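A look at the structure
Residue-level listing of the chains:
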Amino acid sequence: MRRRSIARRLALGVPFLCGLPTFGAPVPQSFTPPPVPFKLPSVSDTTTWTIVIVLTLLTVLPALLLSITPFVRILIVFHFLRQALGTQNTPSNQTLAGLALFLTYFIMQPVGADIGRVAISPLERHEITPMVAIDRGSEPLRMFMLKFAREKDLALLTEMAHLPRPRAPSELPMRVVIPAYILSEMKAGFQIGAILFLPFMVVDMVVAAVTTSVGMLQLPPVIISTPLKILLFVVADGWNLVIGSLLKSFS
């Protein structure tokens, strides 16, 4: 009996110590739950819009990288160069993409500095709204793309958009400037790739003519021409010439 009495007291006392109502005991009418020691900080409208803009930019970052930077031209040139050399997967796609990415950063660094000066810094100081920052930040990009966009592509897209002829290229909207810039970059990349193909094609033709004339029909000419093309590319310091020409084309 004594043990049962002690167990009953413990069963009633433990919930009481934990702040819970005990069975068999009346619940007070003025019982209120303890306050939660966690409170969300107040978020201003500017911070909310900044978060929305940053998340949106992270989502469309690959498309922005391909559409408003020199990444397209550089990657097309690298692809043609690898095909001209005859090396199937050397350098690898990751290596070429990484080199193209850093070259793109090198070329776009002055534009990024202008965007930071006219848009990002005032936004961080809460001097302008996010929408004004977007308008200001698009101007350096517009001027960069208009510098390399062909007039023919701009005229085509302006006509397709049924827009009146602007008095100056800077009056064109971004929906016309961006696709015109991409078309121009693709054409420039194919032109540079065709020029890169010519010396290596001459090597292939010479090797094929020599092997055919001496009767080496059982040995494919590509087996002989590939080491010769790689040797010619290394002796001429081809990577330095290609990268230098690409960078000079954006100056």
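Here, every reference points to the structure presented above.
Residues numbered from 1 in each chain as written. Predicted model: local features only at pLDDT ≥ 70, side-chain atom pairs only at ≥ 80, totals over all residues. Heavy atoms only, no water.

Section: the overall build of the protein
The helix and strand tally for the protein stands at 10 helices and zero strands. Mapped in sequence order, the helices and strands of the protein form the string α-α-α-α-α-α-α-α-α-α. Taking all 251 residues of the protein together, 29% fall into the buried category. Long-range pairs, those at least 24 residues apart, make up 67% of the contacts in the protein with a sequence separation of at least 6. Here the protein displays about 17700 Å² of accessible surface, and carbon together with sulfur accounts for 69% of that area. (Helix = DSSP H or I, 4+ residues; strand = E, 2+ residues; numbered from the N terminus. Buried < 20%, exposed > 50% of the residue type's maximum accessible area, 1.4 Å probe, protein only. Contact = heavy atoms within 4.5 Å. Areas by Shrake-Rupley, 256 points an atom, 1.4 Å probe, with all protein chains shown as cover.)

A word on the side chain of Thr69
With respect to the helices and strands, the residue Thr69 is situated in the loop between helix H3 (61–67) and helix H4 (71–85). Overall, the relative accessible area of 9% leaves Thr69 in the buried class. When near neighbours in sequence (up to four residues on either side) are disregarded, Thr69 contacts Leu64, Thr104, Met108 and Tyr181.

Focus: the packing of H4 against helix H9 (residues 221–235)
It is at 9 Å that the axes of H4 and H9 come closest, and there the two elements cross at 130°. Of the possible angle classes, the one that applies to H4 and H9 is oblique. Mapping the contact onto sequence places Leu81, Ala84 and Leu85 in H4 and Thr226, Lys229 and Phe233 in H9. Residue classes in the contact of H4 with H9 are distributed as four nonpolar, one polar and one charged. (Axes fitted to C-alpha atoms, helices over the stretch in contact; angles between N-to-C directions. Parallel < 35°, antiparallel > 145°, perpendicular 65-115°, else oblique. Nonpolar A, V, L, I, M, F, W, Y, C, P; charged D, E, K, R; others polar.)

Here's the deal with the side chain of Thr87
When you line up the elements, Thr87 lands in the loop between H4 and helix H5 (93–124). Judged by its relative accessible area of 15%, Thr87 is buried.

A closer look at the pattern of salt bridges
Within this structure, the stated rule accounts for seven salt bridges. A salt bridge links Arg73 to Glu185; the shortest N-O distance between them is 2.7 Å. Placement of the pair is Arg73 in helix H4 and Glu185 in helix H8 (residues 174–213), with a sequence separation of 112 residues. For the salt bridge of Arg167 with Glu171, the shortest nitrogen-to-oxygen distance reads 3.6 Å. Using a relative accessible area of 78% as the deciding quantity, one classes Arg167 as exposed. Relative accessible area serves as the criterion here: at 43%, Glu171 is assigned to the partly exposed category. (Salt bridge = Lys/Arg side-chain N within 4 Å of Asp/Glu carboxyl O.)

What about the packing of aromatic side chains?
This structure, assessed with the given rule, holds eight aromatic pairs. Between Phe78 and Trp239 the ring centres are 6.0 Å apart and the planes differ by 75°, which places this aromatic pair in the edge-to-face class. Of the two residues, Phe78 is situated in helix H4 and Trp239 in helix H10 (residues 238–249); the sequence distance between them amounts to 161 residues. Take Phe78: its relative accessible area is 1%, and that puts it in the buried class. Judged by its relative accessible area of 32%, Trp239 falls in the partly exposed class. An aromatic cluster of at least three residues, connected via ring pairs, comprises Phe78, Phe200, Phe233 and Trp239. The lysine or arginine in question, Arg73, covers the ring of Phe250, its NZ or CZ lying 4.1 Å from the ring centre. (Phe/Tyr/Trp six-rings, centres within 6.5 Å; stacked < 30°, edge-to-face > 60°. Lys NZ or Arg CZ within 6 Å of the ring centre and 35° of its normal.)

Here's the deal with the packing of H8 against H9
One can describe the packing of H8 onto H9 by two numbers: an axis separation of 9 Å at closest approach and a directional angle of 140°. When the axes of H8 and H9 are compared, the pair comes out oblique. The chirality of how H8 crosses H9 is right-handed. The segment H8 lies against H9, with Phe200, Val203, Asp204, Val207, Ala208 and Thr211 engaging Pro221, Ile224, Ser225, Leu228, Lys229, Leu232 and Phe233. Within the contact of H8 with H9, the residues separate by chemical class into nine nonpolar, two polar and two charged. (Left-handed = near helix turned anticlockwise from the far one by under 90°.)

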